[in-house]
Structure formats: structure tokens, C-alpha cells
Amino acid sequence: MNTHTSVFGIFEPGPGWLFRLPVGWKYLLVLVLSIPTLVVAQWWFTLACLAVVLAVAATSGLVPRRMLRLGWMLWAMLGVLFLFHLATLHPTAAVMRPGNILVAVLAARLLTLTTSLPVLMDALATALAPLRLVRLDPAQAALAVALMIRSIPFLMGTVDDARDAANARGLGRNPARLLTPVMLGAVGYAERTGEALQARGIGDIQS
Amino acid sequence: MIELEGVSVVVPGSRHGQPDRTLLGDVSLRLPEHRVCVIGANGSGKSTLLRLLNGMRQPTAGSVRVNGHSTVDEVRAVRAQVGFIFTDPLAQLLMSTPIEDVELSLRSTVRNRRERTRLAQRLLDERNLGHLAHQSIYDLSGGERQLVALTSVLAVEPHVVVADEPTTLLDLRNRMALRRTFAELPQQLVYSTHDMDVAADAQRVVVVDGGRVVADGPPVESIAFYEAAMRVGP
């Protein structure tokens, strides 16, 4: 089975200041670093924010090689965006559009690479506490987000699996042919996750 | 003690007009043994039988009780006592890394986060998995994943461990390692397998065919019965 590098990365403990920063401040940092690019909307500002995000990461021991390991699918999407705007003679948009996405993803990685998933879940459950007013369980909502993060590498891998299977059967590279197996893979994955939750009594306990 | 009394599991036919399918028919078993193995051909009803034991599958007739708790009326109590291990550990591991997955199991019993992390690391260390604690579950070998899945299940200290073909996806080395681990478990263990060496580790082997128990006894007799039934050709 193929799997992919998660867009959000995997937490590993580290000695840097970002690892010690309380998770609430990290969430704030993500917003401070990513939202201004959308408000200012200048190509040079996007590049400046990109440099700031990488600098913040570097001061905490997150080297650019680790920060930029986003998986080829995201890089390909950013490349297509860049080329599209360049081809339509919008060079500033060619920097800003994919650049702003990259800044947002890298800012999010500052959070996910320096914070373990259980800590993120606890913080999210606290932030979502008002959901109790509408009789929703914040802990279950946080668990759903954690499961989503865990599923990304698997679901991206199902695209590769479907393409490998199509190639093995000589069905060519038509992306439309991949749709059905990828959808079935995603549904199967969701079913198995549901079974695992049920088997481990996790839904029972959290509710 | 696990008790099944006149248990049947019937599901509707997959297409309109098709008759209902009986996955298990009128099965009655009392399982006080420490190690029980269920063997049978593909589609014989092994997985259905095992899934009944922690309430993942509900009987359409009869009753299943684990330590006196009904899997229908007291499913939470049953799941707290019965840990379940899937054939494919990737289907079971819900978090991105081993330590996060073990911590997820501990959320219900250990409120303090730091304590939870410490305990999860200790449990992984005890199974020689400590060095893998922060690796992606996708980067682990099949054997390592299965041991992580087992660690997550054992973290909540179940009284019974049910394992559905836990060695099927493992190579010989990992299969032997898992057998050793299973042999050391203090819990009652009920498992299914296609590997007759693994089946022989049990004190009692139940043979299932077509949703019915066709043999039940010591490993030597049950395995001989099963091998005779499965023999192909002259």
C-alpha cells in the first residue's frame, strides 16, 4: 500500500522554544502569520511572510528540509497554480496565490510539528466547549479532527494505489478512471475507522 | 467466562429477492479456558463469532455474555473488558504515531495529560517499542504495527483479548514474536487463525464451518478433524 507524507507532518519532541510554547499561543501564531497575507495582498509581503515562517521554524530547530516536506501532491498543485497565473500574464498573482497557500500550510506545520496530537485534541476540545450548548461533545469533535489528520496520508496513498492498479492493467493515465477506486477506498477506510472506534469503545467513552 | 447460548446471526440477502444469509446458526459455547482458538475456512463464520464477543456484531437470536455482562444490554461494560485486535493493525491504529495511539486508549482512565504520555511511553518501552514512539504508523513494519495495536488494546487492561487472525499479515519472524507475546499475556485470549502451529498453542480449538461449530476440543483432535475436512484430492 502506498502512503504519503502528511501535509501537516508528524510531531517529534524537540528542545526548541516553539515546542515549549503553550498550544494556545501556537494557534495564535498560526493566525498571525497566515491571515495578514490575505489582507495585504502584495507579492512582496507574501514572500516576506514566507521568510518569517521559515525563520520562526529555524529558530526552533525545524530545518527547511523538514518544514518543506509536504508531499508531491501539494507541490504539484502549487506549481500548477503558479504556471496558470504566469501563463495568463499575472506574475504578481503567480507569486501571491500559491505563496499564500504555502504560508498558511507552513504556519499550520509550525503547530503540528511541535505539538502532539493528544495536546492538540485537548486544546481543540477546550476551544470547542461552547458546542455543549447545542448538545455536541467537544471531545468527539476534537477526535474527528485528529482522525482527519491521521487519514490524509492514507487517502493520498489510495490515489497512488489506484494509479498503480490502472497502470498494471494498461488502462492509461486518465484521472477519471481513478475516481471510483479512490472513492471506494475512502469509504472502506471510513468503515474500518468506524469499526476500530467501536471495537476500542472510544466513541462510547467520549460520549 | 464467555458464554454463547443458542446464538444465530442472520443478515439479509445482498440483492432484492435473495434469501437471508445465516452467518452463524444456533451456536452454544462456554469458554472458561485461558487460550481458545477458532479455526475454519474463509467465510465459515470465524470473524462473526469473534465480533460477537465484544459487541461489534449483535446476535439476531440467542445471547452472548462476557463475565456475566450481556453484549446487547451492557455493551459498554463488555467493551471495557474485551479488547479486540484486527487482522490489519492499520485498520485499528487511529492516531498518527504509536505513542499518540496508546494515549488515545488511556484518555478514558488517565485524566492528567503528562501522566498519560509518561504511561504510554512506559507501555511501549515494556514491549520494546519505545524507540518507535514518535514514528508515523505508516513507517512501521507489519509486526511492529501489530505489537503497537496490542499495546493500545492492553493499555486499558481488558480481562479478555480477542484477536481476529492476528498473524495472517505477518512474516515468520513477526509471527513468532507475536506468539511469544500472546503466550505471556495474563488475559484470556480468544483468537482465530489459518496457521495450525498457532492454533496448536491454544488449550481448546473450535472448528467452524458454514456458520456452525463442527468440532470442539483439544488442539490435536480439532486440528486433525479440520485438516481431514479440508483435504483436497486423493
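None of these values were measured; they are calculated from a predicted model.

1. With respect to the overall build of chain A
Thought 1: The number of helices and strands found in chain A is 10 helices and 0 strands.
Thought 2: The N-to-C order of helical and strand elements in chain A reads α-α-α-α-α-α-α-α-α-α.
Thought 3: Principal-axis analysis of the C-alpha atoms places the extent of chain A at approximately 50 × 50 × 35 Å.
Thought 4: Taking all 207 residues of chain A together, 44% fall into the buried category.

2. Topic: the pattern of salt bridges
Residue and element names in this part refer to chain A.
Thought 1: Within the structure shown, the criterion is met by 14 salt bridges over all chains.
Thought 2: Across the pair Asp160 and Arg163 runs a salt bridge whose closest N-O atoms are separated by 2.5 Å. Taken together, the positions of Asp160 and Arg163, both in helix H8 (residues 138-168) and 3 residues apart, correspond to about one turn of that helix.
Thought 3: Given the relative accessible area of 23%, Arg163 is considered partly exposed.

3. Here's the deal with the UniProt feature "domain: ABC transporter" (unreviewed entry) in chain B
Thought 1: Following the UniProt record, the feature "domain: ABC transporter" (unreviewed entry) maps to residues 2-232 of chain B here.
Thought 2: Annotated as residues 2-232 of chain B, this span is 34% helix and 26% strand, and its ends, taken at the C-alpha atoms, are 34 Å apart.

4. Some points on the interface of chain A and chain B
Thought 1: Taken together, the 34 residues of chain A in the interface contact 31 residues of chain B.
Thought 2: Buried area between chain A and chain B, summed over both chains or domains, comes out near 2800 Å², and the portion from carbon and sulfur atoms is 57%.
Thought 3: For the chain A face of the interface with chain B, the top three residues by lost area are Arg150, Ala199 and Arg200 of chain A, together amounting to 26%.
Thought 4: Inspection of the chain A/chain B interface yields 5 salt bridges.

5. With respect to the domain arrangement of chain A
By a widespread convention, an interface's size corresponds to the accessible area lost as its parts come together.
Thought 1: For chain A, the domain assignment lists domain 1 (17-115) and domain 2 (133-199).
Thought 2: A separation of 26 Å is found between the C-alpha centroids of domain 1 of chain A and domain 2 of chain A.

6. Considering the UniProt feature "transmembrane region" (unreviewed entry) in chain A
Residue and element names in this part refer to chain A.
Thought 1: What UniProt calls "transmembrane region" (unreviewed entry) maps, in this numbering, to residues 27-58, 70-89 and 101-121.
Thought 2: The span residues 27-58 carries 94% helix and 0% strand; its end-to-end C-alpha distance comes to 18 Å.
Thought 3: Counted over residues 70-89, helix gives 80% and strand 0%. Its end C-alpha atoms are 28 Å apart.

7. Details of the packing of helix H5 (residues 72-87) of chain A against helix H6 (residues 91-112) of chain A
All names here are of chain A.
Thought 1: Running from N to C, H5 and H6 cross one another at 160°; their axes reach a closest spacing of 6 Å. Regarding the angle of H5 to H6, the classification is roughly antiparallel. When you trace H5 past H6, the crossing you get is right-handed. Every residue of H6 that contacts H5 at Leu74, Trp75, Met77, Leu78, Leu81, Phe82, His85 and Leu86 is listed here: Pro91, Ala93, Ala94, Arg97, Pro98, Ile101, Leu102 and Val105.

8. Focus on the sheet that holds strand S5 (residues 69-70) of chain B
Residues and elements named next belong to chain B.
Thought 1: Taken together, 4 strands build an open sheet; the order of strands is S2-S1-S4-S5 and the sheet is antiparallel. With partners counted over all chains shown, the strands left at the sheet margins are strand S2 (21-31) and S5, one partner each.
Thought 2: As judged from the 2 bridges shared by strand S4 (residues 61-66) and S5, these two strands associate in the antiparallel manner. Among the inter-strand pairings, Val66 is bridged to a residue of S5, identified as His69.

9. Here's the deal with helix H2 (residues 23-40) of chain A
Side chains of residues three or four places apart in an α-helix project in the same direction, reflecting 3.6 residues per turn.
Residues and elements named next belong to chain A.
Thought 1: Compared with an ideal rise of 1.5 Å per residue, which puts 18 residues at 26 Å, H2 spans 27 Å between its outermost C-alpha atoms and is within 8% of the ideal.
Thought 2: For H2, the set of buried residues is Val23, Lys26, Val30, Leu33, Ser34 and Thr37.
Thought 3: Where the residues of H2 are buried, they touch helix H1 (17-20), helix H3 (43-59), H6 and helix H7 (117-127).
Thought 4: With its phi angle positive at about 55°, Ala41 sits one or two positions after the end of H2.

10. Quick notes on unusual backbone geometry
Thought 1: Although it is not a glycine, Arg135 of chain A adopts a positive phi angle of roughly 60°.
Thought 2: You can see Arg135 of chain A is positioned in the loop between H7 and H8.
Thought 3: At Glu165 of chain B, a position not held by glycine, the phi torsion is positive, near 45°.
Thought 4: Of note, Glu165 of chain B is situated in the loop between strand S7 (160-164) and helix H6 (172-184).
Thought 5: Classification of Glu165 of chain B by relative accessible area gives buried; the value is 12%.

Quick notes on the rules
Residues numbered from 1 in each chain as written. Chains lettered and ligands numbered in written order. Predicted model: local features only at pLDDT ≥ 70, side-chain atom pairs only at ≥ 80, totals over all residues. Heavy atoms only, no water. Helix = DSSP H or I, 4+ residues; strand = E, 2+ residues; numbered from the N terminus. Buried < 20%, exposed > 50% of the residue type's maximum accessible area, 1.4 Å probe, protein only. Salt bridge = Lys/Arg side-chain N within 4 Å of Asp/Glu carboxyl O. UniProt positions renumbered as here; feature names shortened; annotations may be inferred. Contact = heavy atoms within 4.5 Å. Buried area = accessible area lost by both parts, 1.4 Å probe. Domains from an automatic or database assignment. Axes fitted to C-alpha atoms, helices over the stretch in contact; angles between N-to-C directions. Parallel < 35°, antiparallel > 145°, perpendicular 65-115°, else oblique. Left-handed = near helix turned anticlockwise from the far one by under 90°. Pairing = 2+ DSSP bridges. Expected span 1.5 Å × (residues − 1).

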